[in-house]
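Chain by chain, the residues run as shown.
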Amino acid sequence: MSTEFFRDVSPQAPELEPIITGLFGEYAARYGDYFSKDAEVELTEWYLPPQGLFIVLERDGEIIATGAYKPFDENTAELKRIWTRSDLRRQGLAWKVVSELERRARLAGYSQVYLTTGFRQPEAVRLYLSHGYQPHFDLTRDPEEYSLPPYDGRLRFTKSLVENHAKTA
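These figures come from a predicted structure and were not determined experimentally.

## Re the overall build of the protein chain
When you go through the protein chain residue by residue, the secondary structure sums to three helices and seven strands. What you see in the protein chain, going N to C, is helices and strands ordered as β-α-β-β-β-α-β-α-β-β. The C-alpha radius of gyration of the protein chain comes to 16 Å, within 12% of the 15 Å expected for a compact globule of 169 residues. Dimensions of the protein chain, computed from C-alpha atoms along their principal axes, come out at roughly 50 × 45 × 35 Å. Here the protein chain, with 169 residues, has 41% of them falling under the buried criterion. If you take every contact in the protein chain between residues at least 6 apart in sequence, the share linking residues at least 24 apart comes to 67%. Surface summary for the protein chain: the accessible area is close to 9800 Å², and the carbon and sulfur share equals 54%.

The following block contains the structure:
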């Protein structure tokens, strides 16, 4: 029987290099150089505890999914690098990764999560909506419209990590 478990890793772990390279290859296949003008500069320390985290989901000694968060602001973690091995997609692995990242961000003291996905990633949009994320864009518009000025191609989402315990009368 296969067992799955999460493991914390450094974002610079050599075992991640082919995965991250593949992830950026997927982005290039979908977007070409669209996002290159606004390429993010990221620092490794952003993804290290206590303010950040990079995790892998392993099955039988193989990395099958990844995810990370970094601080967006004092109360908000930004989810990043959510990836599932291509031959294992549509099996709920990304759902597990997002759930674990939310759990760990809550434990780290964050009260909200933020993330972006690209305008050509409808499967990611569906994942985040199904996870209760609030879109900061119009879902009824053609996503390609968000690739044109004044937009930057990023579809933004937020989700509160704080449960509402208010009683309704």
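## A few points about unusual backbone geometry
Residue Pro50 is reached from Pro49 by a cis peptide bond, and omega for that bond is 10°. With respect to the secondary-structure elements, Pro50 resides in the loop between helix 1 (17-31) and strand 2 (53-59). Across the junction of Pro149 and Pro150, the peptide omega takes the value 10°, indicating a cis bond. With respect to the helices, strands and loops of the structure, Pro150 is situated in the loop between strand 6 (134-135) and strand 7 (154-160).

## A short note on the sheet that holds strand 2
Strands sit in the order 1-2-3-4-5-7-6 across an open sheet of seven strands; the sheet is mixed. Only two strands of the sheet have a single partner each, and these edge strands are strand 1 (4-8) and strand 6. With three bridges joining them, strand 4 (residues 76-84) and strand 5 (residues 112-118) adopt parallel strand pairing. For Glu78, the partnering residue across the bridge sits in strand 5 and is Tyr114.

## Comments concerning the confidence of the model for the protein chain
Averaged over all residues, the pLDDT of the protein chain equals 91, while 93% of them reach at least 70. Here helix 1 is the element of the protein chain with the lowest mean pLDDT, 88, and strand 6 is the one with the highest, 98.

## Considerations on helix 3 (residues 122-130)
Along helix 3, the residues that are buried comprise Ala124, Val125, Leu127 and Tyr128. One side of helix 3 holds all its buried residues, which, seen down the axis, span an arc of 160°. Each element contacted by the buried residues of helix 3 is listed here: strand 4, helix 2 (93-107), strand 5 and strand 7. One or two residues past the end of helix 3 sits Gly132, with phi positive at roughly 90°.

## Thoughts on the environment of Glu100
Tracing the backbone shows Glu100 in helix 2. Along the backbone, Glu100 and Gly25 are 75 residues apart, and their C-alpha atoms lie at a distance of 25 Å. Those residues in contact with Glu100, other than ones at most four positions away along the chain, are Phe6 and Ile55.

## Details of the nonpolar core
Among soluble globular proteins, nonpolar side chains are generally buried collectively. Ranked by internal contacts, the top residues of the largest apolar core, which has 33 residues, are Tyr69, Leu79, Leu101, Tyr128, Tyr133 and Phe157. Residue assignment for this core shows that the elements contributing at least two residues are strand 2, strand 3 (62-73), strand 4, helix 2, strand 5, helix 3 and strand 7. Beyond its immediate sequence surroundings of up to four residues, Phe157 is in contact with Val113, Tyr114, Leu115, Thr117, Val125, Tyr128, Leu129, Tyr133, Gln134, Pro135, His136 and Phe137. Counting twelve residues, the second-largest nonpolar core is a separate cluster that includes Val9, Ile19, Ile20 and Tyr47.

How each quantity is defined
The written sequence of each chain sets the order in which its residues are numbered from 1. In keeping with the predicted nature of the model, local features appear solely for residues at pLDDT of at least 70, side-chain atom pairs appear and are counted solely at 80 or more, and the whole-chain, interface and lining totals rest on all residues. As a convention, hydrogens and water are excluded, and side-chain values are obtained from all of the structure's heavy atoms. The helix count covers DSSP runs of H or I at least four residues long, the strand count covers runs of E at least two residues long, and both are numbered beginning at the N terminus. A radius of gyration in this sense is built from C-alpha atoms; the matching globule rule multiplies 2.2 Å by the number of residues raised to 0.38. Note on exposure labels: buried denotes an accessible area under 20% of the residue type's maximum, exposed denotes more than 50%, and partly exposed covers the range between, all computed with a 1.4 Å probe on protein chains only. Whether two residues touch is decided by their heavy atoms; if any such pair falls within 4.5 Å, the residues are in contact. The Shrake-Rupley method, run with a 1.4 Å probe sphere, supplies the accessible areas, and residue values consider only the shown protein chains as cover. One requirement defines pairing of two strands: DSSP has to find at least two bridges between them. What pLDDT reports is the predictor's confidence in each residue, on a scale of 0 through 100. As used here, the arc belongs to the directions running from the helix axis to the C-beta atoms. Buried Ala, Val, Leu, Ile, Met, Phe, Trp, Tyr and Cys residues that are joined via side-chain atoms within 4.5 Å together make up what is termed a nonpolar core.

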